[in-house]
Amino acid sequence: MNFNTALYTDLYQLAMGQAYYLKGKHRTQATFDYFYRKAPFEGGFVLFCGLEDALEWLENVSFSEEDLQYLSDQGFDKGFVEYLAEFKFTGTVKSVAEGDVVFPFAPILTVTGPVVECQIAETFLLNCLNFQSLIATKASRIRYIAGEDKILAEFGLRRAQGYAGLQASRAAFVGGFDATSNVLAGKTFRVPITGTMAHAYIQSYDDELTAFRDFAETHPDNCVLLVDTYNTLKSGIPNAITVAKEMEKTGKKLIGIRLDSGDLAYLSKAARKMLDDAGLSYVKIAASNQLDEHVIRSLREQRAAIDIFGVGTNLVVGHENAALDGVYKLCSFEDKPRIKISENLKKMNFPGEKQVYRYFNDDGQFVADAITFETLEAPGSMAHPFEPHKRMPLRPASARPMLKAVMKDGKRLFPERSVRDIAMAAGENLRQLPDEHKRFDFPHVYKVGLSREMEQLRDRLKEEKLKESES
């Protein structure tokens, strides 16, 4: 399947594109903002992920002859189809860095270019950035609660939504996981792969001990035994201990055992004692079975003796939020700021081309983001986006701009970053986020506000559009 096709879009993007074309507006410059309104998982932040994939798509997207024939068959105008035959993205993209921590309403990425190009790009950008940011955020929450001393393995491919399993593995690594069971993800992104065995392997033998022995013989350097096929404490762990002792005689060591069912806290503590009593304190205990940040928090509170958490379904589907509500809104057209009016203030967009400044405290942690125009310096105060009477003083000297050009004239402006580099940057950015924004229960609301100039333009355009609609 060719994912670089420009047909990877919604019909209404092409319908609008044809209307722009037939009215001679298809080359008009427009700017769109990508942002989100509500953090997922009742949390306080989002970890931005997917930018590299988005830029690769923008650089290579086109319509094939087969695509163009399909559009002709669907009744699109002949002239518009001929225009699309030469289609490529020629615009400019400004973005925060992949791996940055981002907050509601502040632009994360902006796209400027001919309006048809910007519109066709919308669907893929939302599809790519919303999903990967959702999964990376989920992964970062799991890493936060598990702690830096635990190993996290992503096991979700078999439960993922189709091909999105590849993106989920990538995003999980960015969010703080150590390895994946997804072999294609390991090859594609050059990240570690991990895996043990399934119950089927043990069931295929007449007895569990022989199954363990054969597996250890064929995997002497990376053997992890699944111990809950029959009876965890009475056969699984005793048989694993037997094999571990046999491996020692050959100069090898059993890496670990895996628990995949039952009371994981109780079983892990019992397993740890049995292994330690047998002189196998080096054997690690892995656990899987519908884990997420909430289950892992409970296991940690119970002092479960688990070294490795294998997390699958709940991670790669973004449970309990199936999607990040990222949106892509027009903010400038024909070099004029544009606004959408709504009775719900949170549904209104902020007009004009923007910059977001992030402010840091003396400890190097970030404390607030201010949205202003791209031509202005960091403001010395900001207003609450939806409660104008609330203003907050800021220290401009502590601010840094977040949005930087990453693509110009349809070409990337920097070399591709590896997933490992992005993951390292994400970890550092999360360490700069105060803990009160990372907690699960009633996280502290991060301050995002508007400069006075942005607030005034929004209010003026709102009044103008309301008067126009009433006349």
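Rules of the game
Residues numbered from 1 in each chain as written. Predicted model: local features only at pLDDT ≥ 70, side-chain atom pairs only at ≥ 80, totals over all residues. Heavy atoms only, no water. Helix = DSSP H or I, 4+ residues; strand = E, 2+ residues; numbered from the N terminus. Buried < 20%, exposed > 50% of the residue type's maximum accessible area, 1.4 Å probe, protein only. Lys, Arg positive; Asp, Glu negative; His and termini not counted. Salt bridge = Lys/Arg side-chain N within 4 Å of Asp/Glu carboxyl O. Polar contact = N/O pair within 3.5 Å; in protein donor to acceptor, adjacent residues only side chain to side chain. Contact = heavy atoms within 4.5 Å. Pairing = 2+ DSSP bridges. Right-handed = clockwise from strand over helix to strand, strands pointing away. Core = buried A, V, L, I, M, F, W, Y, C linked by side-chain atoms within 4.5 Å. Expected span 1.5 Å × (residues − 1). Arc of directions from axis to C-beta. Phe/Tyr/Trp six-rings, centres within 6.5 Å; stacked < 30°, edge-to-face > 60°. Lys NZ or Arg CZ within 6 Å of the ring centre and 35° of its normal.

Engineer: Quick question: what am I supposed to make of the side chain of R37 here?
Structural biologist: Tracing the backbone shows R37 in the loop between β1 (29–36) and β2 (46–47). Buried within the structure, R37 lacks any salt-bridge partner; D325 is the closest side chain of opposite charge, at an N-O distance of 5.4 Å. A distance of 3.0 Å separates the side chain of R37 from the backbone oxygen of K346, its partner in a polar contact. With near-sequence residues (within four places) excluded, R37 lies in contact with P104, F105, D325, V327, K329, K346 and K347.

Engineer: Help me out: how do you make sense of the pairing of strand β6 (residues 151–154) in this one?
Structural biologist: Regular strands have side chains that alternate between both faces of the sheet. Judged from the four bridges that link them, β6 and strand β11 (residues 308–311) form a sheet pairing that is parallel. The residue bridging I151 from the neighbouring strand is I308, located in β11. Pairing between β6 and strand β7 (residues 179–180): two bridges, direction parallel. When the sheet's bridge partners are listed, E154 is paired in β7 with T180. The handedness of the β6 to β7 crossover, carried by helix α6 (residues 164–174), is right-handed.

Engineer: How do you make sense of the nonpolar core when you look at a structure like this?
Structural biologist: For soluble globular proteins, the rule of thumb is that nonpolar side chains tend to be buried together. If you look at the biggest cluster of nonpolar residues, it comprises 136 residues, and the most contacted ones within it are L84 and I257. A per-element tally of this core places helix α5 (residues 115–146) first, with 17 residues. Counting residues in hydrophobic clusters, the runner-up holds seven residues, among them Y357, A368, A370 and L394.

Engineer: When you look at helix α1 (residues 11–22) in this model, what are you seeing that I'm missing?
Structural biologist: Turn by turn, an α-helix covers 3.6 residues, leaving residues three or four places apart pointing in a common direction. Over its twelve residues, α1 runs 17 Å from end to end, which matches the ideal 16 Å to within 8%, given 1.5 Å per residue. Within α1, burial applies to Q13, L14, G17, Q18 and Y20. Along the axis of α1, the buried residues cluster in a sector spanning 160°; they form a single face. With respect to the buried face of α1, the exposed residues turned more than 90 degrees away are L11 and L22.

Engineer: Quick question: what am I supposed to make of the packing of aromatic side chains here?
Structural biologist: Centre-to-centre distance and the angle between the planes together describe a pair of aromatic rings. Summed over the entire model, instances satisfying the criterion amount to 18 aromatic pairs. Seen from their ring centres, F103 and Y446 are 3.6 Å apart, and the 10° between their planes marks the pair as stacked. Linking F103 in the loop between β4 (101–102) and β5 (109–114) with Y446 in the loop between α14 (419–431) and β21 (447–450), this pair joins segments that are 343 residues apart in sequence. Neither residue differs from the other here; F103 and Y446 are each classed as buried. Every member of this aromatic cluster is reached through a ring pair, and the members are F3, Y8, W57, F124 and Y163. Sitting above the plane of the Y282 ring, K253 keeps its charged end 4.6 Å from the centroid. Its end group placed over the ring of F366, R358 keeps NZ or CZ at 4.5 Å from the ring centre.

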